[in-house]
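# Overview (structure and organization)
Here is what each chain is made of, one letter per residue.
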Amino acid sequence: QVQLVESGGGLVPPGGSLRLSCAASGRNFRIRTMTWYRQAPGKQRELVATITSGEKTNYADSVKGRFTISRDNVKNTVHLQMNSLKPEDTAVYYCNTKGLSSGMDFWGGGTLVTVSS
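This write-up is about the structure you can find in this document. Small disclaimer: the values here were computed from a predicted structure and weren't measured.

## Examining the overall build of the protein chain
When helices and strands are counted, the protein chain shows zero helices and 11 strands. Starting at the N terminus, the α and β elements of the protein chain follow one another as β-β-β-β-β-β-β-β-β-β-β. For a compact globule of 117 residues, the expected C-alpha radius of gyration is about 13 Å, and the protein chain comes in at 14 Å, within 12% of that figure. For the protein chain, the C-alpha atoms occupy an extent of roughly 45 × 25 × 25 Å along the three principal directions.

This is the structure:
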């Protein structure tokens, strides 16, 4: 069983920055692939960024060059550094990982990011 808790969301003006964090409980964090998703009002949830156990990263085209995903295997935490934020980045951001044998999805409760002047 894995529990994920996101933090760091808030209100930021266009062009600003935020750093989201996701704290994971449970075992085997260092071998888990961790993913950030987001869901804007009235839209489907979409993948934002992924980091594997070997620290390979993958980003949605819409955030490439602006967002950076990283992990701290000592603190069992994954971060999402978001720079040059745009109004269209406004969404609830969710942390995700999958069960190592079951493939079942584990989700955090989300953290709201609002980009507005």
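## Focus on the sheet that holds strand S8 (residues 77-82)
Strand order in this open sheet of four strands is S1-S3-S8-S7, and the pairing throughout is antiparallel. Of all the strands in the sheet, just strand S1 (4-7) and strand S7 (67-72) have a single pairing partner and so form its edges. Across the sheet, the mean angle from the axis of one strand to that of its neighbour is 15 degrees, orientation sign disregarded. Pairing of S1 with strand S3 (residues 18-24) involves four bridges; the strand directions are antiparallel. Bridge pairing in S3 links leucine 4 to alanine 24.

## Remarks on the nonpolar core
In terms of nonpolar packing, the biggest core is built from 29 residues, with Trp36, Leu80, Met82 and Tyr93 touching the most fellow members. Those elements giving two or more residues to this core turn out to be S3, strand S4 (34-39), strand S5 (46-51), S7, S8, strand S9 (91-98) and strand S11 (111-115). The element that contributes the greatest number of residues to this core is S3, accounting for four residues. Beyond its immediate chain neighbours, meaning those up to four positions away, tyrosine 93 contacts Glu6, Leu20, Trp36, Tyr37, Arg38, Val48, Phe67, Leu80, Met82, Gly110, Thr111 and Val113.

About the criteria used
Residues numbered from 1 in each chain as written. Predicted model: local features only at pLDDT ≥ 70, side-chain atom pairs only at ≥ 80, totals over all residues. Heavy atoms only, no water. Helix = DSSP H or I, 4+ residues; strand = E, 2+ residues; numbered from the N terminus. Rg over C-alpha atoms; globule rule 2.2 N^0.38 Å. Pairing = 2+ DSSP bridges. Axes fitted to C-alpha atoms, helices over the stretch in contact; angles between N-to-C directions. Core = buried A, V, L, I, M, F, W, Y, C linked by side-chain atoms within 4.5 Å. Buried < 20%, exposed > 50% of the residue type's maximum accessible area, 1.4 Å probe, protein only. Contact = heavy atoms within 4.5 Å.

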